[in-house]
Amino acid sequence: MAPSVVTDDYYAILGVARTADADALKAAWRRLARIKHPDKNPGNPDATAEFQLLESAYSTLCDPTRRRTYDLQFPTSPASKGPTAGTYSHSHASTANNQSEQKNCERESKRDRLHHEKQRQENDVFEAKRSLNRIVEEIKKLDEEAKRDIDEAGTWWGFFSSMVPGSQQQREERSRERDRRVLNRIAAKRIKETELKRQIDKTARLETILKGTQDEINKITVEINKWKEEQAAARRREAQRQREENARREWARYESEQQAAREKEAERQREVRRQQEEYAKRERARREEAAEAAKRASQREERMRQEQREKAAQFHERFRYRQEDVSCRHKRWWTRVEGPHLCSNCSTRTTKFALQCPQCKRIACASCRTALQTGGYRDKSKKGI
C-alpha cells in the first residue's frame, strides 16, 4: 500500500525550527497540547481535528526515522495549497487569524522563557538574601565579641587578673594581643560592612530585575488573556452566526415545507373543486337530458292525444255533417274563417283560412266547398268505395 501523502507543515504546527531537538519538540507539544485540547475549546467544532493533527506532528517529528522520511519528502516547508487543518484554523479562516495565533504562540513561548528566567532570578535573590543575612550575623557576632571584651575588662575579674604578679613582659603581651584583636575586629567589621553594602545593592538590583521580569510576565499574560478573550468572543460570534445560519436554514426549510404543503393543499382543493364542478356538470347534463326526455315524452303523448282527439273530432264531424247534409244544400255564401282549420270533408288542415257554411256551420277547404255546393262529396277516406 502506498504511504499517505502529508500536506501539512509539522514544524509550523509545533511552532519550532527545522533544527529543533527532541526537548524543544516535547516542550512545544506540551505547551500547545494544553492550549489546543478539545476539553479547553468546547466552542470550537474543529478542536478534535486540530488536536489530532498536533499529535500526528509530534509523533512524526519525535521519531528519528519518520522525521528523516518527512524531511526527505519536504526539504523545505510545503507550499500552501489553501487553508488546511495544519494552519490551526477553520477551512475558511483568514490569514490574519493565523498570524494572530502564531503571535500568541510566540507570546506563550516568551512567557515560558520568562518563567524559567524568573525562577533563576528568584534563586539568585534568595542566595543574595541568604548571603546578606550571613554578613549581618557575622557583623553582629563581631559586635558581641567586642562587647564581651569590654565587659571582661570592666569586671572585678579583669582587675584582679591585672594585679596578678607576673613579668611586665607578659602583661604587655596580653595588652598587645587584646589590642590586636580589637584592631582585627574593627578591620573585619569594616570589610563586612563594605561587603554588606555591596550585597544590599546586589539584592536590590536583583529584586528590581525580578520585578521587571514579573511585570513583563504580567504584561504578556494580560495580552494572552486578552487574545484568549478575543478568540472566545470570536468563537461565540461564530457559534452565534452558525446558530443564526442554522436557524435561517431551518426557517427556510420550514417555509419551503409549508409552501409545498400549501401548494399541495391548494392543488387538492382545486382537484376537489374540479371534481365537484364535473359532478355538478354531469348532474346538470343528466337533469337536462332527463328533462328533455320527459319533455319529448310529454310532447309525444300530447301529440298522440291530439291526434286521437283530432281523429275523434274528424269522425264526429263527418258523421254530423253527413247527417246535416241531408237537409242543407250549402248554397249560401260561405264565410271566411281565418286561421288553420281541419276540413270536415277531406280531413285536410288548412294553414291560413277555411270556409264555413252559414246554415249548417260546416267547415271545409275551398275545393270541398265547391264540391259540396254542386252536390258531390270530396271525401278522400271513401275513395274507391
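Predicted model, so just to flag it, every value in this text is computed and none were measured. Every chain begins its residue count from 1, and numbering advances along the sequence as written. Under the rules for a predicted model, residues below a pLDDT of 70 receive no local features and side-chain atom pairs below 80 are neither given nor counted, while totals for whole chains, interfaces and linings still include all residues. Heavy atoms from the whole structure form the basis of all side-chain values; hydrogens and water molecules are not counted.

A.B. asks: Got a minute to help me understand the confidence of the model for the chain in this structure?
C.D. replies: The predicted structure's coordinates, where accompanied by low pLDDT, should not be read in detail. A residue's pLDDT is simply how confident the predictor is in it, with values from 0 to 100. In the predicted model, the chain carries a mean pLDDT of 80, and 81% of its residues have values of at least 70. Here residues 77-94 is modelled with pLDDT under 50, and outside its nearest four sequence neighbours on either side it reaches 26 contacts, counting other chains as well. Confidence drops under a pLDDT of 50 for residues 378-385, and excluding neighbours within four residues, the segment shows 13 contacts in the predicted structure. Residue contacts are defined here by distance: any two heavy atoms, one from each residue, within 4.5 Å place the two residues in contact.

A.B. asks: Could you clarify how one ought to interpret the sheet that holds strand E3 (residues 363-364) in this entry?
C.D. replies: The pairing of strands in a sheet comes from backbone hydrogen bonds and takes either a parallel or an antiparallel form. With antiparallel pairing, three strands are arranged side by side in an open sheet as E1-E2-E3. Each of the sheet's edge strands pairs with one partner strand only, and the pair in question is strand E1 (335-338) and E3. Note: E1 against strand E2 (residues 353-356), four bridges, orientation antiparallel. Across the sheet, the residue bridging to Val-337 is Ala-354, located in E2. Pairing between strands is defined by DSSP: at least two bridges between them are needed. Segments assigned H or I by DSSP are reported as helices when at least four residues long, segments assigned E as strands when at least two residues long, and all are numbered from the N terminus.

A.B. asks: Help me understand the pairing of E2, please; the structure alone is not making it clear to me.
C.D. replies: Consecutive residues of a regular strand have side chains that alternate between opposite faces of the sheet. In terms of strand pairing, E2 meets E3 through two bridges, oriented antiparallel. Note on E3: the bridge partner recorded for Gln-356 is Ile-363.

A.B. asks: Sorry, what's going on with the nonpolar core here?
C.D. replies: If you look at soluble globular proteins, the nonpolar side chains tend to sit buried side by side. Buried Ala, Val, Leu, Ile, Met, Phe, Trp, Tyr and Cys residues that are joined via side-chain atoms within 4.5 Å together make up what is termed a nonpolar core. Only protein chains enter the accessibility calculation, which uses a 1.4 Å probe. A residue is then buried if its area is under 20% of the maximum for its type, exposed if over 50%, and partly exposed in between. By size, the foremost hydrophobic cluster in this structure holds 19 residues, and its most contacted members are Tyr-10, Leu-14, Val-16, Leu-25 and Leu-61. Going through the elements one at a time, helix H1 (10-14), helix H2 (22-36) and helix H3 (47-61) are the ones with two or more residues in this core. Residues in contact with Leu-25, not counting those within four places in the same chain, are Leu-14, Val-16, Ala-20, Tyr-58, Leu-61, Cys-62 and Arg-67. Formed by 11 residues, the second largest nonpolar core is a distinct cluster that contains Cys-328, Leu-355, Cys-357 and Cys-368.

A.B. asks: Quick question: what am I supposed to make of the packing of H3 against helix H4 (residues 64-73) here?
C.D. replies: Any two packed helices are characterised by the angle at which their axes cross and by the distance between the axes. Throughout, an axis means a line fitted to C-alpha atoms (over the contacting stretch in the case of helices), and angles, computed between N-to-C directions, take values from 0 to 180 degrees. Direction vectors running N to C along H3 and H4 enclose 105°, while the axes themselves pass 6 Å from each other. As the angle between them shows, H3 and H4 are arranged roughly perpendicular. Taken together, the residues of H4 that come into contact with H3 (itself represented by Ser-59, Thr-60 and Leu-61) are Arg-66, Arg-67 and Tyr-70. Residue classes follow a fixed rule: Ala, Val, Leu, Ile, Met, Phe, Trp, Tyr, Cys and Pro count as nonpolar, while Asp, Glu, Lys and Arg count as charged, and any other residue, Gly among them, counts as polar. Tallied by class, residues from the contact of H3 with H4 come to two nonpolar, two polar and two charged. These descriptions rest on fixed angle ranges, namely under 35 degrees for roughly parallel, over 145 for roughly antiparallel, 65 to 115 for roughly perpendicular, and the rest for oblique.

A.B. asks: Honestly, the pattern of salt bridges in this entry has me stumped. Any pointers?
C.D. replies: Note on pairing: side chains with opposite charge can pair once their charged atoms come close. Salt bridges, as used here, are contacts in which a Lys or Arg side-chain nitrogen is within 4 Å of a carboxyl oxygen on Asp or Glu. Applying the stated rule across the entire model yields 31 salt bridges. The salt bridge partner of Arg-31 is Asp-112, with a shortest N-O separation of 4.0 Å. Of the two residues, Arg-31 is situated in helix H2 and Asp-112 in helix H5 (residues 95-153); the sequence distance between them amounts to 81 residues. The buried category is assigned to Arg-31, whose relative accessible area is 8%. Residue Asp-112 is classed as partly exposed on the basis of its relative accessible area, which comes to 26%. A salt bridge links Arg-336 to Glu-338, with the nearest nitrogen and oxygen atoms 3.1 Å apart. Through salt bridges that share partners, Glu-301, Glu-302, Arg-305 and Arg-309 make up one connected network.

A.B. asks: How do you make sense of the side chain of Thr-350 when you look at a structure like this?
C.D. replies: Turning to its location among the elements, Thr-350 is positioned in the loop between E1 and E2. At a separation of 3.1 Å, a polar atom in the side chain of Thr-350 contacts the main-chain carbonyl oxygen of Phe-353. Here Thr-350 is in contact with Gly-339, Pro-340, His-341 and Cys-365, once residues within four sequence places are set aside. Here a polar contact is recorded for every N or O atom pair within 3.5 Å, except that within protein the pair must consist of a potential hydrogen donor and a potential acceptor, and residues adjacent in sequence are included only if both atoms are side-chain atoms.

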